[in-house]
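Spelled out, the chains give:
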Amino acid sequence: MAKLARTDLHEVIDNALGVVVLFPQIRINVVRHFQSGLSEAMVDPQQFGQVLSNLFINAIQAMPDGGTLTVSTFSDPKGI
């Protein structure tokens, strides 16, 4: 069951990016483009973090010769 809480998404993303260290044999450059002042979101931080970790692992595995993993955040001015 999800435990929704007001969550700093940048913190969850940074924690999830910790999976990069699990692949020391692959040279991955992590680039963060985080929008400053991003509002908190109502998510389950553990579940959302697990989803992000899985996505990052998939991205890293798709770059066996290394590469750049870019993560960006932004808010839609229309609120969509």
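What counts, and at which threshold
- Residue indices begin from 1 for each chain and proceed along its sequence in written order.
- For a predicted model such as this one, the threshold for reporting local features is a pLDDT of at least 70, and the threshold for listing and counting side-chain atom pairs is 80 or more; totals across whole chains, interfaces and linings nevertheless cover every residue.
- Heavy atoms throughout the structure, all of them, feed into the side-chain values; hydrogens and water do not.
- Numbering of helices and strands runs from the N terminus; a helix is a DSSP stretch of H or I covering at least four residues, while a strand is a stretch of E covering at least two.
- Polar contacts here mean pairs of N or O atoms no more than 3.5 Å apart (in protein, one a potential hydrogen donor and the other a potential acceptor; neighbouring residues in sequence count only if both atoms are side-chain atoms).
- What makes two residues a contact is simply this: any of their non-hydrogen atoms within 4.5 Å.
- Think of a salt bridge as a Lys or Arg side-chain nitrogen and an Asp or Glu carboxyl oxygen that are within 4 Å of each other.
- Classification of residues uses two cut-offs on accessible area relative to the type maximum, computed with a 1.4 Å probe and protein chains only: under 20% is buried, over 50% is exposed, and between them is partly exposed.
- Here the expected length of a helix is defined as 1.5 Å per residue gap, with one fewer gap than residues.
- Working definition: the arc comes from the directions between the helix axis and the C-beta atoms, pointing outward to the latter.
- Here an angle of 0 to 180 degrees is reported between the N-to-C directions of two axes, which are lines fitted to C-alpha atoms, with helices fitted over the stretch in contact.
- Here the word oblique covers every angle except those under 35 degrees (roughly parallel), over 145 (roughly antiparallel) and from 65 to 115 (roughly perpendicular).
- For any pair of crossing helices, the crossing counts as left-handed if the nearer helix is rotated counterclockwise from the farther one by less than a right angle, and right-handed if it is rotated clockwise.
- Only Asp, Glu, Lys and Arg are considered charged, only Ala, Val, Leu, Ile, Met, Phe, Trp, Tyr, Cys and Pro nonpolar, and every remaining residue, Gly among them, polar.
- Among the buried residues, those of types Ala, Val, Leu, Ile, Met, Phe, Trp, Tyr and Cys that are joined through side-chain atoms within 4.5 Å form a nonpolar core.

## Topic: the side chain of T73
(1) Moving on: Tracing the chain through its elements places T73 in the segment after β4 (67–72).
(2) Moving on: Of note is the side chain of T73, whose polar atom sits 3.0 Å from the backbone nitrogen of Q35.
(3) Moving on: Filtering out sequence-adjacent residues up to four positions away, T73 remains in contact with H10, I13, H33, F34, Q35 and L38.

## Some details on the pattern of salt bridges
Any two side chains of opposite charge can pair, on the condition that their charged atoms come close.
(1) Moving on: With the rule as written, the count across this model stands at 2 salt bridges.
(2) Moving on: Here R6 makes a salt bridge to E40, at a shortest N to O gap of 3.4 Å. Highlighted residues: R6 in strand β1 (residues 5–7) and E40 in the loop between β2 (28–33) and β3 (41–43), separated in sequence by 34 residues.
(3) Moving on: When its relative accessible area of 42% is taken as the criterion, E40 is described as partly exposed.
(4) Moving on: Here D14 ties to R32 by a salt bridge, and the two come within 2.6 Å at their closest N and O atoms.

## Details of helix α2 (residues 45–61)
(1) Moving on: With 17 residues, α2 ought to run about 24 Å at 1.5 Å a step, and its terminal C-alpha atoms sit 24 Å apart, in line with that.
(2) Moving on: Those residues of α2 lying buried are G49, L52, S53, F56 and I60. Looking down the long axis of α2, one finds its buried residues gathered within 105° of arc, a one-sided arrangement.
(3) Moving on: Against the buried residues of α2 lie α1 (9–16), β2 and β4.
(4) Moving on: Between a side-chain oxygen at the N-terminus of α2 and the backbone nitrogen of Q46 the separation is 3.0 Å; the capping residue is D44.

## A few points about the packing of α1 against α2
(1) Moving on: Packing of α1 against α2 leaves a shortest axis separation of 9 Å and a crossing angle of 45°. One way to sum up the angle between α1 and α2 is to call them oblique. You can see that α1 and α2 cross each other, and the crossing is right-handed. Counting all contacts with α1, which are made through L9, V12, I13 and A16, the residues of α2 involved are P45, F48, G49, L52, S53 and F56.
(2) Moving on: Classifying every residue of the contact of α1 with α2 gives 8 nonpolar, 2 polar and no charged.

## What to know about the nonpolar core
(1) Moving on: By size, the foremost hydrophobic cluster in this structure holds 15 residues, and its most contacted members are I28, F56, I60 and L69.
(2) Moving on: Only α1, α2 and β4 provide two or more residues apiece to this core.
(3) Moving on: When neighbours within four sequence positions are excluded, I28 is seen to be in contact with V20, I60, M63, G66, G67 and L69.

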